[in-house]
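Coordinates in review
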Amino acid sequence: MNSIRAVIVEDEIAASKNLIDLLYRENPEIEIIEVLDSVKSAVRYFKAEKDFDLVFMDVHLGDGICFEIFEKIELNTPIIFTTAYDQYAIETFKVNSLYYLLKPIRKKELVNAITKFKKNTHNGVQKQFDLLVESLKTNRKKYHSTLLIPNRGDVIPVRVKDFAFFYIKTGIVRGITFSEVSYIMDKKIQELEKELDPQSFYRVNRQFIINRDAVGKINYPFYGKIKVTVIPEIDDSIVISKAKAKDFKYWLINN
């Protein structure tokens, strides 16, 4: 293939510019013919245009998730997904041999994805999408509904949904319930993260995992970061990095 005509679907201007710069430096044979920024514009474009070889597509777009595009059109062009999705979703991409790049995009991963594309241009996105949906249906992990909390020689069962958030401070992991009861956990926060349903709980930073129902309000203190106020309130500031802000907002809206 002498020339690769590519379309980018990305709602963040900085991210699309970064991708274009990387592509032109590492793959001069790639020609970017269109940059789209929403599900709506992508559907409109792909209905009308067919003369392209490859699509770079962000999973989370401003007006929805990119898979909504395939509910409205059939697109048989190979796709390289770009995403800041959680680890479970990334593993699903790997299992089904889908193309993906984890943000922030790095040169080595981009080169590898392009190489894979060139070797496998016969794989249609519809088949990839069907595999993804089927995997999500059949392989969804079972998460704990109750945690067993050691307490003075006894063990107390506490429903997971009763926890507002978990956090680590001075090496101790605590779980705080909506009724403001504090429990010392016998697990590392990384272990808790794996046991909690990601539809209900989100690891906002190294210190905190929060329940969707505990989010009281959010604001934007500086440089694209997010500050979260939880219920019940806590003295510690809960700040989400700019890199995770978009993913957090999508999780908050769609769960």
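Rules of the game
Residues numbered from 1 in each chain as written. Predicted model: local features only at pLDDT ≥ 70, side-chain atom pairs only at ≥ 80, totals over all residues. Heavy atoms only, no water. Helix = DSSP H or I, 4+ residues; strand = E, 2+ residues; numbered from the N terminus. Buried < 20%, exposed > 50% of the residue type's maximum accessible area, 1.4 Å probe, protein only. Contact = heavy atoms within 4.5 Å. Areas by Shrake-Rupley, 256 points an atom, 1.4 Å probe, with all protein chains shown as cover. Pairing = 2+ DSSP bridges. Axes fitted to C-alpha atoms, helices over the stretch in contact; angles between N-to-C directions. Parallel < 35°, antiparallel > 145°, perpendicular 65-115°, else oblique. Left-handed = near helix turned anticlockwise from the far one by under 90°. Nonpolar A, V, L, I, M, F, W, Y, C, P; charged D, E, K, R; others polar. pLDDT = per-residue confidence, 0-100. Salt bridge = Lys/Arg side-chain N within 4 Å of Asp/Glu carboxyl O.

Scanning the protein for helices and strands turns up seven helices and 17 strands. Looking at the 255 residues of the protein, the share that counts as buried comes to 44%. In the protein, the proportion of contacts linking residues at least 24 apart, taken out of those at least 6 apart, comes to 54%. When the accessible surface of the protein is split by element, carbon and sulfur atoms take 49% of a total near 14300 Å².

Right, let's talk about the sheet that holds strand β15 (residues 215-219) for a bit. Read from one edge of the open sheet, three strands run β15-β16-β17, paired in antiparallel fashion. Among the strands making up the open sheet, the edge pair consists of β15 and β17 (238-240). Across the sheet, the mean angle separating the axes of adjacent strands is 30° when strand polarity is ignored. Alignment of β15 against strand β16 (residues 226-230), held across four bridges, turns out to be antiparallel. Its bridge partner being in β16, Lys217 is matched across the sheet by Thr229.

Moving on: the packing of helix α1 (residues 13-26) against helix α4 (residues 107-119). Remark: α1 packs on α4, axes separated minimally by 11 Å, with the N-to-C direction vectors making an angle of 65°. With respect to their mutual orientation, α1 and α4 come out roughly perpendicular. By crossing handedness, the relation of α1 to α4 is classed as right-handed. Between α1 and α4, the contacting residues are Leu19, Leu22, Leu23 and Glu26 on the first element and Lys107, Leu110, Val111 and Ile114 on the second. Of the residues that constitute the contact of α1 with α4, the class distribution is six nonpolar, no polar and two charged.

Locating Asp58 in the fold gives a position in strand β3 (residues 54-58). Here Asp58 falls in the buried class, since its relative accessible area comes to 3%.

This part is about the confidence of the model for the protein. Caution applies to low-pLDDT parts of the model: their predicted coordinates are not meant to be read in detail. Mean pLDDT for the protein: 83, with 84% of residues reaching 70 or above. Taking the mean pLDDT of every element in the protein, the minimum, 49, falls on helix α3 (residues 87-95) and the maximum, 97, on strand β14 (residues 208-211).

Further remarks concern unusual backbone geometry. Here the residue pair Ile231 and Pro232 is connected by a cis peptide bond, since its omega of 5° sits within 30 degrees of zero. Inspection of the secondary structure puts Pro232 in the loop between β16 and β17. Although it is not a glycine, Glu180 sits at a positive phi angle of roughly 70°. Along the chain, the position of Glu180 falls in the loop between β11 (172-177) and β12 (182-184). Using a relative accessible area of 61% as the deciding quantity, one classes Glu180 as exposed. Phi at Tyr223 is positive, roughly 50°, even though this residue is not glycine.

On to the environment of Pro198. Relative to the assigned elements, Pro198 resides in the loop between α6 (189-195) and β13 (201-203). Once residues lying within four places of it in the same chain are set aside, the contact partners of Pro198 are Tyr143 and Trp251.

This part takes up the pairing of strand β8 (residues 146-151). Bridging between β8 and strand β9 (residues 154-159) involves six bridges; their strand directions are antiparallel. Among the inter-strand pairings, Ile149 is bridged to a residue of β9, identified as Ile156.

What follows concerns the sheet that holds β11. For sheets, the rule is that strands pair by backbone hydrogen bonds, running either parallel or antiparallel. Taken together, five strands build an open sheet; the order of strands is β12-β11-β10-β14-β13 and the sheet is antiparallel. This sheet does not close on itself; its edge strands, each paired only once, are β12 and β13. Neighbour-to-neighbour, the strand axes of this sheet turn through a mean angle of 20°, independent of strand direction. Pairing between β11 and β12: three bridges, direction antiparallel. Paired with Ile176 across the two strands is Ser182, which belongs to β12. Taken strand by strand, helix α7 (residues 242-254) contacts β13 and β14, and its axis lies near 175° from that of β13.

Attention now goes to the pattern of salt bridges. Overall, the coordinates contain eight salt bridges when judged by the stated rule. A salt bridge links Glu193 to Arg203, with the nearest nitrogen and oxygen atoms 2.9 Å apart. A residue pair is termed long-range when its members are at least 10 positions apart, and Glu193 in helix α6 and Arg203 in strand β13 qualify at 10 residues.

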